[in-house]
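Tertiary structure, described
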Amino acid sequence: MRKCSLSFLFAGSLLSAQTEQKIVSGELSHEARVILYSKRAIFDISAQIRTEVAIVLPDVEKVVAVTCGDAGDMGNWITVWSPDSNVVVVKPAKQGATTSINIQSNHGIIYTGVLHEISLTPGAHADLKVYVAPNDQMRAALDQAPKYVDAKVAESYKHDAEAAHAEVEATRKQAAAELGRTKAETEAKYPTEMKFGYTFAHGKKAPFVVNAIWHDDRFTYISGNFSEPPAVYETKDGQPALIDYQYENGVYILRKIVDQGTLRVGKKQMAFAKQAG
């Protein structure tokens, strides 16, 4: 008699389990759904036992954290995600279960939704993939730099920054060394290559207070204290021709050897000429 009772109870439990797993909802959705999302919105997702739903965030997003109100070892929902991805996969473990989900992204946005298991709802259709599309306001926020960076990525950024700093420092030291060599070479050549064989009207009144004129077989140099920058003319075949110059450390540098020329400020002018030999 006890044996029959146990058999009856086992058969009842099996029937109850089979009834719980019976699916009366409609076919699965065969097209991904797009949800236009704003910061104040809460989306709804329909899921079905023995299937998964992929929640796809905007392409520029990365998942930082996911919390679900009914997940965990004893929960009725399973969540799967990776910090290198913009996808969260959810799967219900119990019919009729409903819970909330919060997905935090690397831009500091929290996407909030409600998950519904709908296998016991006649005519309902479960999602298989849902794209979360930002509205215009959120799209502007996504154009900004991420607020949160994965630790591995942050370490990579730090390494790259340190390498770039080391490269800049090495370049700076190399440039300083090159400048020192150039300065030393210039100072060494100064007594022999700087030729001061120019005649000009030495004066101490503005606008032409010229201290010296010389050349180094490449350029012509004019040192002086001018109340206003003079125009420099080269005289060739008796005709003046305006030439450009560069000003550095109180010296006007004419990027050629000028044999004869004039400095002009307004109607005033001063002639200079290179001596023969």
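Figured I'd write up the structure that's included with this text. Here, residues in each chain are numbered from 1, in the same order as that chain's written sequence. It should be noted that, the model being predicted, local features are given only for residues of pLDDT at least 70 and side-chain atom pairs only at 80 or more, the latter also being counted only at that level, while totals for whole chains, interfaces and linings use all residues. Calculation of side-chain values draws on the structure's entire complement of heavy atoms; hydrogens and water are dropped beforehand.

1. Observations regarding the sheet that holds strand 7 (residues 98-105)
Put simply, the rule reads: Strands are treated as partners if at least two bridges between them are detected by DSSP. Segments assigned H or I by DSSP are reported as helices when at least four residues long, segments assigned E as strands when at least two residues long, and all are numbered from the N terminus. With axes taken as lines fitted to C-alpha atoms, and helix axes fitted only over the stretch in contact, angles between N-to-C directions fall between 0 and 180 degrees.
The strand order across the open sheet formed by four strands is 2-8-7-4, and the pairing between neighbours is mixed. A strand with exactly one partner marks an edge of an open sheet, and here the two such strands are strand 2 (43-47) and strand 4 (63-68). Between one strand and the next, the sheet's axes are offset by a mean angle of 25°, whatever the strand orientation. Inspection of the sheet shows strand 2 paired to strand 8 (residues 110-117) by five bridges, in the parallel sense. Bridge assignment links Ser 46 to a residue of strand 8, and that residue is His 116.

2. So, the sheet that holds strand 16 (residues 251-254)
Taken together, four strands build an open sheet; the order of strands is 11-12-16-15 and the sheet is antiparallel. Strand pairing shows two members of the sheet lacking a second neighbour, strand 11 (209-215) and strand 15 (246-248), which therefore form its edges. Adjacent strand axes in the sheet meet at a mean angle of 25°, parallel and antiparallel pairs treated alike. Sheet analysis places strand 11 next to strand 12 (residues 220-225), joined by six bridges and oriented antiparallel. Looking at the pairing, Trp 214 lines up with Tyr 221 of strand 12.

3. Some words on the environment of Lys 195
Let me state the cut-off plainly: Partly exposed residues are those whose accessible area sits between 20% and 50% of the maximum for their type, while under 20% is buried and over 50% is exposed, using a 1.4 Å probe and protein chains only. Note on contacts: a residue pair is in contact if any heavy atoms of the two residues lie within 4.5 Å.
If you trace the backbone, Lys 195 turns up in the loop between helix 3 (151-193) and strand 10 (198-200). According to the relative accessible area criterion, Lys 195 is partly exposed, its value standing at 35%. When the C-alpha atoms of Lys 195 and Ile 213 are compared, they prove to be 8.6 Å apart, with 18 residues separating the residues in sequence. With residues near it in sequence (within four places) discarded, Lys 195 still touches Ile 213, Trp 214, His 215 and Asp 217.

4. Here we look at the pattern of salt bridges
Under the convention used in this document: Between Lys or Arg on one side and Asp or Glu on the other, a salt bridge is scored when a side-chain nitrogen of the former is within 4 Å of a carboxyl oxygen of the latter.
Taken as a whole and judged by the stated rule, the model has eight salt bridges. Between Glu 234 and Lys 256 there is a salt bridge whose closest N-O contact spans 2.8 Å. Pair noted here: Glu 234 is in strand 13 (residues 231-236) and Lys 256 is in the loop between strand 16 and strand 17 (260-265), with a separation of 22 residues, a long-range link. Given the relative accessible area of 6%, Glu 234 is considered buried.

5. Quick look at the pairing of strand 8
A regular strand places its side chains on the two faces of the sheet in alternate fashion. Judged by which residues are buried, strand 8 turns out to be one-sided: Tyr 111, Gly 113, Leu 115 and Glu 117 face inward and are buried, whereas Ile 110, Thr 112, Val 114 and His 116, on the alternate face, are not. As defined by bridge partners, strand 7 adjoins strand 8 across seven bridges and the pair is classed as antiparallel. Among the inter-strand pairings, Gln 104 is bridged to a residue of strand 8, identified as Ile 110. Between the antiparallel neighbours strand 7 and strand 8 lie four residues, among them Gly 108 with a positive phi of about 85°.

6. What to know about the packing of aromatic side chains
How two aromatic rings sit relative to each other is set out by the distance from centre to centre and by the angle between their planes. Cut-off, in case you're wondering: A pair of Phe, Tyr and Trp rings is counted when the ring centres sit within 6.5 Å of each other, with Trp represented by its six-membered ring. The angle between the planes then sorts it: under 30 degrees is stacked, over 60 is edge-to-face, the rest tilted. Geometrically, a lysine NZ or arginine CZ counts as sitting over a ring once it is within 6 Å of the ring centre and also within 35 degrees of the ring normal.
Counted by the stated rule, this structure contains seven aromatic pairs. Ring geometry for Tyr 198 and Phe 272: centres 6.2 Å apart, planes at 55°, overall tilted. With Tyr 198 in strand 10 and Phe 272 in strand 18 (residues 268-274), the pair connects residues that are 74 residues apart, well separated along the chain. For the pair formed by Tyr 198 and Phe 272, the shared burial category is buried. One aromatic cluster is present, formed by Tyr 37, Phe 43 and Tyr 111 through successive ring pairs. Positioned above the aromatic ring of Phe 219 is the side chain of Arg 218, whose terminal nitrogen or guanidinium carbon lies 5.1 Å from the ring centre. In this structure, Arg 264 is placed above the aromatic ring of Tyr 233, and the distance from its NZ or CZ to the ring centre is 4.3 Å.

7. Focus: the nonpolar core
The criterion, for reference: Put simply, buried Ala, Val, Leu, Ile, Met, Phe, Trp, Tyr and Cys residues joined by side-chain atoms within 4.5 Å make one nonpolar core.
Core analysis: the largest hydrophobic core is formed by 24 residues, its most contacted members being Ile 101, Ile 103 and Tyr 111. Every residue in contact with Ile 103, bar those within four places of it in the chain, is listed here: Ile 55, Leu 57, Val 63, Ala 65, Val 66, Val 88, Ile 109, Ile 110 and Tyr 111. Counting residues in hydrophobic clusters, the runner-up holds 16 residues, among them Phe 208, Val 232, Tyr 252 and Leu 254.

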